[in-house]
Amino acid sequence: MIADFEYFAPKTVKEALSLLSQYKDAKIIAGGQSLLVILKQRLVTPEYLIDIKGIAALDYIKYDEGKGLRIGALTLHRAIEKSPVIKKHFGVLSEMEGNLATIQTRNWGTIGGNICHGDPAGDPAPVFIALKAKLKLARLGGERILDMEEFSKDYLEVALDPGEMLSEIQLPIPPPHTGVASEKLMVMKGDMGIVGAAVSITLSPRDGVCQDARIALSNCASTPLRAKKAEKVLIGKNINEGLLTKAGEVASEEVDPPADVHGSAEYRREMVKVFVRRAAIKALERARAA
Ligand SMILES: Cc1cc2nc3c(=O)[nH]c(=O)nc-3n(C[C@H](O)[C@H](O)[C@H](O)COP(=O)(O)OP(=O)(O)OC[C@H]3O[C@@H](n4cnc5c(N)ncnc54)[C@H](O)[C@@H]3O)c2cc1C
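Every chain begins its residue count from 1, and numbering advances along the sequence as written. Local features in a predicted model are, by the rule used here, given only for residues with pLDDT of at least 70; side-chain atom pairs are given and counted only at 80 or more, and totals for whole chains, interfaces and linings are based on all residues. Note that the side-chain values use all heavy atoms of the structure and ignore hydrogens as well as water.

> So what's going on with the site of the ligand? Residues and values would help.
Of all residues adjacent to the ligand, which total 31 residues, the nearest are Ile28, Gly32, Ser34, His77 and Thr110. Taking Ala101, its main chain carries an N or O atom lying 3.2 Å from an oxygen atom of the ligand. Take Thr110: an N or O atom from its side chain is 2.6 Å from an oxygen atom of the ligand. Coverage of the ligand by the protein chains reaches 88% of its 980 Å² of free accessible surface. Put simply, DSSP H or I for four residues or longer makes a helix, DSSP E for two residues or longer makes a strand, and each gets a number counted from the N terminus. Of all the elements in the fold, those that place two or more residues in the shell around the ligand are β2 (26–29), α7 (111–117) and β10 (165–171). No other element matches α7, which puts four residues into the shell around the ligand. Tallied by class, residues from the shell around the ligand come to 14 nonpolar, 13 polar and four charged. Being near a molecule or strand, for a residue, means having at least one of its heavy atoms within 4 Å of it. Polar contact is the term for a pair of N or O atoms within 3.5 Å; when the atoms are in protein, one must be able to donate a hydrogen and the other to accept it, and sequence-neighboring residues count only if both atoms are side-chain atoms. Method for areas: the Shrake-Rupley scheme with a 1.4 Å probe, in which residue coverage is limited to the protein chains shown. When residues are sorted by character, Ala, Val, Leu, Ile, Met, Phe, Trp, Tyr, Cys and Pro go into the nonpolar class, Asp, Glu, Lys and Arg into the charged class, and all the rest, Gly among them, into the polar class.

What follows is the structure, given as structure tokens:
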């Protein structure tokens, strides 16, 4: 059973932030898809729940050719999956969402809730890291911008200070000749990934050499993990089959995966080789076609 709590349903960001600063033992609830599970397990027992789902101002997808993409924290997974502007300019996000949970969960769970839950198995974080996303964190009277890469601190722990909430995810326009792809190992479509990989590759238009690469992994450590050594295998090279295999092998040495009913740590390491390679092949094809 869930422990008793007092419930608030603010209608504006300011109201929510003011409640957050007033009640120290408060927890935000958005779609409740993750929070309800840990409330029932009593992993968290807040005295106050601040339900932000009714704050319409945080539900938006905005695209600007200069500034890039901005997604409000309360945007539903399903809205991201279906958004024409996201399909056109950030297709990898739409693909990732199409494999995230069931339609029911995507229709109620929010992108902000997913990121703030801090589950290292979550699908969006590696894709956002590959896309160099930044997060806007609001507090009463101010805000700060943080790289997505720095947001996860440990298992279910993120870099939100007391009184802060996530208000927006910001994605810059990728440079020309960039391809991005994500792949996850799942037993059935929509399962949490046993491991997942997101890869971004930028090629030089002159000679096709890899100018930049980003490789980010899910469920391979206590936080989403950037495989920086594997990225270096690709950067500055004319990418070929051998290098793609090598990048997967190097990534598998950078991870510290969990072992659970879905797979041993050893199995996950092997799968990192496969899924980094698979995502990198797709990213490379897209970069060449871009
Ligand atoms: C059956 C099922 C299958 C799933 N499968 C997948 C999957 O395949 N891949 C995947 O990535 N995820 C999966 N999930 C997780 C799902 O994506 C998340 O539960 C959902 O996105 C969380 O969003 P929410 O709005 O429900 O957040 P909530 O559950 O309401 O909140 C989650 C956490 O985030 C905090 N929070 C929420 N919004 C904010 C904010 N704006 N600012 C600060 N803190 C905030 C809350 O305090 C809480 O700690 C699955 C969930 C279920 C139930």
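> Summarise the domain arrangement of the protein chain; cite the residues concerned and give the values.
Segmenting the protein chain into domains produces domain 1 (6–51), domain 2 (58–171) and domain 3 (180–289). Buried area is a sum: the accessible area each of two parts loses on coming together, probed at 1.4 Å, counted once for each and added. Carbon and sulfur atoms make up 80% of the surface buried where domain 1 meets domain 2, a total of about 1100 Å² over both sides. Per-residue buried area on domain 1 facing domain 2 is highest for Val13, Leu17 and Gln33; these three make up 41% of the total on that side. Think of a salt bridge as a Lys or Arg side-chain nitrogen and an Asp or Glu carboxyl oxygen that are within 4 Å of each other. Linking domain 1 to domain 2 there are zero salt bridges. Seen at the junction of domain 1 and domain 2, the total is one residue pair in polar contact (both at pLDDT 80 or more). At seven residues, helix α1 (residues 13–22) tops the list of elements feeding residues into the side of domain 1 that touches domain 2. Residue composition of the side of domain 1 that touches domain 2, by class: seven nonpolar, five polar and one charged. Residue ranges labeled as domains rest on an automatic or database domain assignment.

> Please provide a residue-by-residue account of the pattern of salt bridges, values included.
Pairing between side chains of opposite charge can happen when their charged atoms approach one another. What the rule picks out here adds up to 19 salt bridges. Arg70 is paired through a salt bridge with Glu168; the nearest N and O atoms lie 3.6 Å apart. Taken as a pair, Arg70 in strand β5 (residues 68–72) and Glu168 in strand β10 lie far apart in primary sequence, 98 residues in all. Burial classes follow relative accessibility: with a 1.4 Å probe on protein chains only, a residue under 20% of its type's maximum area counts as buried, one over 50% as exposed, and anything between as partly exposed. Of the residues examined, Arg70 reaches a relative accessible area of 28% and is grouped as partly exposed. When its relative accessible area of 1% is taken as the criterion, Glu168 is described as buried. Three or more residues joined by partner-sharing salt bridges are found here, namely Glu149, Arg214, Arg226, Lys228 and Glu231.

> Can you lay out the environment of Pro84 for me, pointing to particular residues and giving the numbers?
Looking at the element boundaries, Pro84 is found in helix α4 (residues 84–89). The exposed category is assigned to Pro84, whose relative accessible area is 66%. Along the sequence, Pro84 and Ser94 sit ten residues apart, while their C-alpha atoms lie 9.2 Å from each other.

> Break down the sheet that holds strand β6 (residues 134–139) for me, citing the residues and quoting the values.
Pairing between sheet strands relies on hydrogen bonds along the backbone, with the strands arranged either parallel or antiparallel. The pairing criterion for strands is at least two bridges between them, as found by DSSP. The five strands lie next to each other as β4-β5-β10-β6-β7, forming an open sheet whose pairing is antiparallel. Bordering the open sheet on either side are β4 (61–64) and β7 (142–147), each of which pairs with just one other strand. Neighbour-to-neighbour, the strand axes of this sheet turn through a mean angle of 20°, independent of strand direction. Where β6 meets β10, five bridges bridge the pair, whose relative direction is antiparallel. Only the stretch in contact is used when fitting a helix axis, every axis being a line fitted to C-alpha atoms; angles between N-to-C directions are given from 0 to 180 degrees.

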